[in-house]
Amino acid sequence: MGIGLTELLSIELATEHPQVIPISVFIAILCLCLVIGHLLEENRWVNESITAILVGAASGTVILLTSKGKSSHILVFDEELFFIYLLPPIIFNAGFQVKKKKFFHNFLTIMSFGVIGVFISTTIISFGTWWLFPKLGFEGLTARDYLAIGTIFSSTDTVCTLQILHQDETPLLYSLVFGEGVVNDATSVVLFNAVQKIQFESINGLTALRVFGNFLYLFSTSTLLGIGVGLVTSFVLKALYFGRHSTTRELAIMVLMAYLSYMLAELFSLSGILTVFFCGVLMSHYASYNVTESSRITSRHVFAMLSFIAETFIFLYVGTDALDFTKWKTSSLSVGGTLEVSGVITALVLLGRAAFVFPLSVLTNIMNRNAHRNESITFKHQVIIWWAGLMRGAVSIALAFKQFTYSGVTLDPLNAAMVTNTTIVVLFTTLVFGFLTKPLVNYLLPHDASHNNTGNRGKRSAPGSPKEDETLPLLSFDESASTNLSRAKDSLTLLIEQPVYTIHRYWRKFDDTYMRPVFGGPRPLNQPEC
């Protein structure tokens, strides 16, 4: 019997384009995952991350049976694919969609959680694994590996909690969880890259200072690059106004400049995550007001769509990778040893998270000592913030593959053990902690109570709060020196008593007076909620 036309075409297609069939299968499974996620959306118990992992595991099982146990993979993971193509749209969309007013109003708190918190968590996890792993018989990792493990498991995934929290009812809590999640991922990647540059052969007492200095350099320069690209894009869109001829061009400029900011950061060995995040914030704050209304709406949907597909793609792969028996067979640990090591990592994640969330929350409440503003972080809020950062996700997987594999493949038993343990921790925290998130949030923040607590938050000012002058900057050339001196004294007193509120207040004045007339944005008098 001769070969049919369909079989012949399949053989020819697989020979000339070997990636066409696996990519087609993966896209089909991705579409199936979106459909299942839509059907499960109503109960809000299962989020997109959990759905993608479960669908990936089911798909991996089918492929494993079809290939007679040879492989569960459709595609081979490549960390370059993640960091160059999948991560940029996720981080840019986070910056572009962020509620800027709440984000910058709580900027110092978010940065303390996202930066100082990562350092504390990394220290606890690194030293904890260095002390406990040998006691479990898991030896052979280097000092660089232990520090990398600390950064890998300090990266959080707050998607599950954000899907349950109501932004209108708990704006402060939502802003802190969302903002810290993004800054946390960026800080983890920056610190991971800084660890890779440590010369352990010539380590001394100044090594920690060098790492911290390198971190500050990467953090500051990456942030400035993102701000610079965002401002340039905003100015070009405002000055040239592409919309009068083509709305497609102005949308294309926004997309390409966003991606260019990430690639420039990678070209200069900076942090692309930080750069593209702040580029997204600046574009949302200025550039989106320099395009037509249709482009403004389209851009938000396009960026959200690209981010959603990238996140689903990553978790889908995690599900299929969980059944990769090659890594399980190569691992130097037994099943019991693997469970012990992953249990230790999970316990250290819980401890490292608690070690900074509760103390920094108390410190934030001390800094925000204005009783009329009702902005304190209650103990229930602190528990939710702590819980929200327990899930580990895409960034942890990508950093683990980057540290312990080469293009997703490893033949070293120690490296294979760390990859399998990372997969177990990600699966356990995402599935178990993810399923428990909704009952925990509903127990701590009942819907009616949380709704009633927001009654006074819509007021722009409360009795006793400082009166704001939105039209004048800190100092004015149109007034006398004595008036300026009096204003400076009052501002200094306010800065000492209420530092977070004061910094945000004067940034708004500077933004309205100097930035928006040049780079775009709504005028102060009719400025909508952002």
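What you see is a predicted model, and the numbers here were worked out from it, not measured in a lab.

S.K.: Any chance you could break down the packing of aromatic side chains for me, citing the residues and the numbers?
M.R.: One pass over the structure, following the stated rule, counts 21 aromatic pairs. Aromatic side chains Phe-119 and Phe-215 sit 4.8 Å apart centroid to centroid with 90 degrees between the ring planes, which places their arrangement in the edge-to-face category. Residue Phe-119 is located in helix H6 (residues 107-132), and its partner Phe-215 is located in helix H10 (residues 207-240); the two are separated by 96 residues in the primary sequence. For Phe-119, a relative accessible area of 22% translates into the label partly exposed. Ring centres of Trp-386 and Trp-387 lie 6.2 Å apart, and the angle between their planes is 65 degrees; this geometry places the pair in the edge-to-face category. Linked through ring pairs, Phe-119, Phe-212, Phe-215 and Phe-219 together constitute an aromatic cluster. A cation sits over an aromatic face here: Lys-402 above Phe-83, 4.8 Å from the ring centre.

S.K.: Go over unusual backbone geometry with me, naming the residues and quoting the values.
M.R.: Even without being a glycine, Tyr-241 presents a positive backbone phi close to 45 degrees. Turning to its location among the elements, Tyr-241 is positioned in the loop between H10 and helix H11 (247-267). By relative accessible area, Tyr-241 is classed as partly exposed at 35%. Of note in this structure, Ser-269 is not a glycine but carries a positive phi near 60 degrees. For Ser-269, a relative accessible area of 48% puts it in the partly exposed group.

S.K.: How would you sum up the packing of H10 against helix H12 (residues 272-285)? Please name residues and give values.
M.R.: Axis separation between H10 and H12 bottoms out at 7 Å; the angle between their running directions is 35 degrees. Crossing geometry of H10 relative to H12 is assigned as right-handed. Two secondary-structure elements touch here, H10 through Phe-219, Ser-222, Thr-223, Leu-225, Gly-226, Ile-227, Val-229, Gly-230, Leu-231, Thr-233 and Ser-234 and H12 through Leu-274, Thr-275, Phe-278, Cys-279, Leu-282 and Met-283.

S.K.: Please give an account of the pattern of salt bridges that cites residues and values.
M.R.: Applying the stated criterion across every chain, the model contains three salt bridges. The partner of Arg-353 in a salt bridge is Glu-180, with the nearest N and O atoms 2.7 Å apart. Of this pair, Arg-353 sits in helix H15 (residues 335-367) while Glu-180 sits in helix H9 (residues 171-196), placing them 173 residues apart in sequence. According to the relative accessible area criterion, Glu-180 is buried, its value standing at 1%. A salt bridge links Asp-512 to Arg-516; the nearest nitrogen and oxygen atoms lie 3.3 Å apart.

S.K.: Describe in detail the nonpolar core, supporting the description with residues and values.
M.R.: Ranked by internal contacts, the top residues of the largest apolar core, which has 116 residues, are Phe-133, Phe-138, Leu-141, Ile-149, Phe-153 and Met-418. Among the elements that take part in this core, H9 stands out by supplying 14 residues, more than any other. If near-sequence neighbours (up to four positions away) are discounted, Phe-138 is found in contact with Phe-133, Tyr-146, Ser-332, Leu-333, Val-341, Leu-414, Ala-417 and Met-418. The next biggest cluster of nonpolar side chains, apart from the first, holds five residues, and it includes Leu-231, Leu-282, Met-515 and Phe-519.

Rules of the game
Residues numbered from 1 in each chain as written. Predicted model: local features only at pLDDT ≥ 70, side-chain atom pairs only at ≥ 80, totals over all residues. Heavy atoms only, no water. Phe/Tyr/Trp six-rings, centres within 6.5 Å; stacked < 30°, edge-to-face > 60°. Helix = DSSP H or I, 4+ residues; strand = E, 2+ residues; numbered from the N terminus. Buried < 20%, exposed > 50% of the residue type's maximum accessible area, 1.4 Å probe, protein only. Lys NZ or Arg CZ within 6 Å of the ring centre and 35° of its normal. Axes fitted to C-alpha atoms, helices over the stretch in contact; angles between N-to-C directions. Left-handed = near helix turned anticlockwise from the far one by under 90°. Contact = heavy atoms within 4.5 Å. Salt bridge = Lys/Arg side-chain N within 4 Å of Asp/Glu carboxyl O. Core = buried A, V, L, I, M, F, W, Y, C linked by side-chain atoms within 4.5 Å.

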